[in-house]
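Results of the structural survey
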Amino acid sequence: MLERVRAPAGRELATAVLCGRHNALSPSQWATMEMEYIRITEDENDEPMEIPSEDDGTVLLSTVAAQFPGACGLRYRNPVNQCMRGVRLVEGILHAPESGWGNLVYVVNYPKDNKRKMDESDGSSAVKVKRAVKTSDLIVLGLPWKTTEQDLKDYFSTFGEVVMVQVKKDAKTGNSKGFGFVRFTDYETQVKVMSQRHMIDGRWCDCKFPNSKGPDEPVHSRKVFVGRVTEDISPDELRQFFTQYGEVVDVFIPKPFRAFAFVTFADDQVAQSLCGEDLIIKGVSVHVSNAEPKNNSRYLDRGGGRFGGNLALQFHGSCWNYNSPQMKMRLPVLPPWY
DNA sequence: GTTGAGCGTT
């Protein structure tokens, strides 16, 4: 069986795959294979297209993008639990799941929350598109008490595609606290919205960068802090979501629920690339930052200081001195658990 | 059941 599969002619090999004989192969046997065809589709209900792999069994994102312009990744439905899983992507190379590509149908991911929008861009085959125009959440100040998230969405949708709105409410009463957040798909929309005041339900409102955002100091860690997670996001869903960026080796959600989580990647570069990002999981905007606090002055210096210094120390339990000489030299300062 | 500058999460 193995000898047959090893036959160098790619076309014959593809035939074997199509006939389903590959199902008997182990992952190690797959590793010896030269080329196969992976079934890919934009929609699970559509007819898949076959895309060639590389000789080492990986699939180039550029190969996918050649057929699906704008593609930024792949996902597939896990036959065991029916959940969608992301395909590992490292530097433009898609890696097969543990059991090989198999005869699963893979679904193309597009940037911007999986919504295909390449028809209104230049159509240049992607990869870069994903982070080229990075938007961030904007705080909306001065909202009338009565304004709902639907109201916000309706209003801001007149400027461009909205990917997230929030109205901050009192946990007990559910009453609005008079401010919220909005996130747009396109950076141009964000710029426009920030450039003017907004009459919303009879009050003038302002959209600004939230104070909670600051330049993120690089720290060499595989673990990221994920803030603003909601209780309905399960550890498994977190894992599946973040797997689109790289292999996830651990997910930790404190109990009782505290609205944050930790995600550890196999590759520290993947972790670092996500720091500072606002990502949207199940419609919830979460913020990724370093697992170890950066400069606590973020909390102390900005916005009049929501917390006292001692309180900030209580939160973190420890405090890295980012003004220390070693930080200025950018020597790696590893958290104790790293 | 009120209010009107701020700031989501360690």
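Described in the following lines is the structure provided in the data block. No experiment lies behind these values; they were computed from the predicted model shown.

What follows is about the environment of glutamate 47. The residue glutamate 47 is located in the loop between β1 (37-41) and β2 (49-52) in this model. For glutamate 47, a relative accessible area of 75% corresponds to the exposed category. Here the alpha-carbon distance between glutamate 47 and valine 105, two residues 58 residues apart in the chain, equals 9.5 Å.

Next up on the list: helix α7 (residues 187-194). Here α7 has its buried residues at Thr189, Gln190 and Val193. Summarising the axial view, the buried residues of α7 lie within an arc of 100°, below the 170-degree limit, and thus occupy one face. Residues of α7 that are buried sit in contact with β9 (138-141), α6 (149-156), β11 (176-184), β12 (198-200) and β13 (203-208).

Counting 23 residues, the largest nonpolar core has Phe242 and Phe265 as its most contacted members. Taken together, the elements giving at least two residues each to this core come down to β14 (223-227), α8 (235-242), β15 (248-252), β16 (260-265), α9 (268-274), β17 (278-281) and β18 (284-290). Membership of the second largest hydrophobic core comes to 17 residues, among which are Ile38, Ala71, Val87 and Val108.

Okay, the packing of aromatic side chains next. Enumeration over the complete set of coordinates arrives at 15 aromatic pairs. Measuring from ring centre to ring centre gives 6.0 Å for phenylalanine 179 and phenylalanine 181, while their planes differ by 80°; the resulting arrangement is edge-to-face. Take phenylalanine 181: its relative accessible area is 15%, and that puts it in the buried class. Ring plane angle 50° and centroid distance 6.3 Å describe the contact between phenylalanine 242 and tyrosine 245, whose orientation is recorded as tilted. Like tyrosine 245, phenylalanine 242 is buried. Connected via pairs of aromatic rings, a cluster forms that spans Tyr155, Phe156, Phe159 and Phe184. A cation over a ring is seen here: lysine 223 above phenylalanine 262, with NZ or CZ 5.6 Å from the ring centre.

Quick notes on the rules
- Residues numbered from 1 in each chain as written.
- Chains lettered and ligands numbered in written order.
- Predicted model: local features only at pLDDT ≥ 70, side-chain atom pairs only at ≥ 80, totals over all residues.
- Heavy atoms only, no water.
- Helix = DSSP H or I, 4+ residues; strand = E, 2+ residues; numbered from the N terminus.
- Buried < 20%, exposed > 50% of the residue type's maximum accessible area, 1.4 Å probe, protein only.
- Arc of directions from axis to C-beta.
- Contact = heavy atoms within 4.5 Å.
- Core = buried A, V, L, I, M, F, W, Y, C linked by side-chain atoms within 4.5 Å.
- Phe/Tyr/Trp six-rings, centres within 6.5 Å; stacked < 30°, edge-to-face > 60°.
- Lys NZ or Arg CZ within 6 Å of the ring centre and 35° of its normal.

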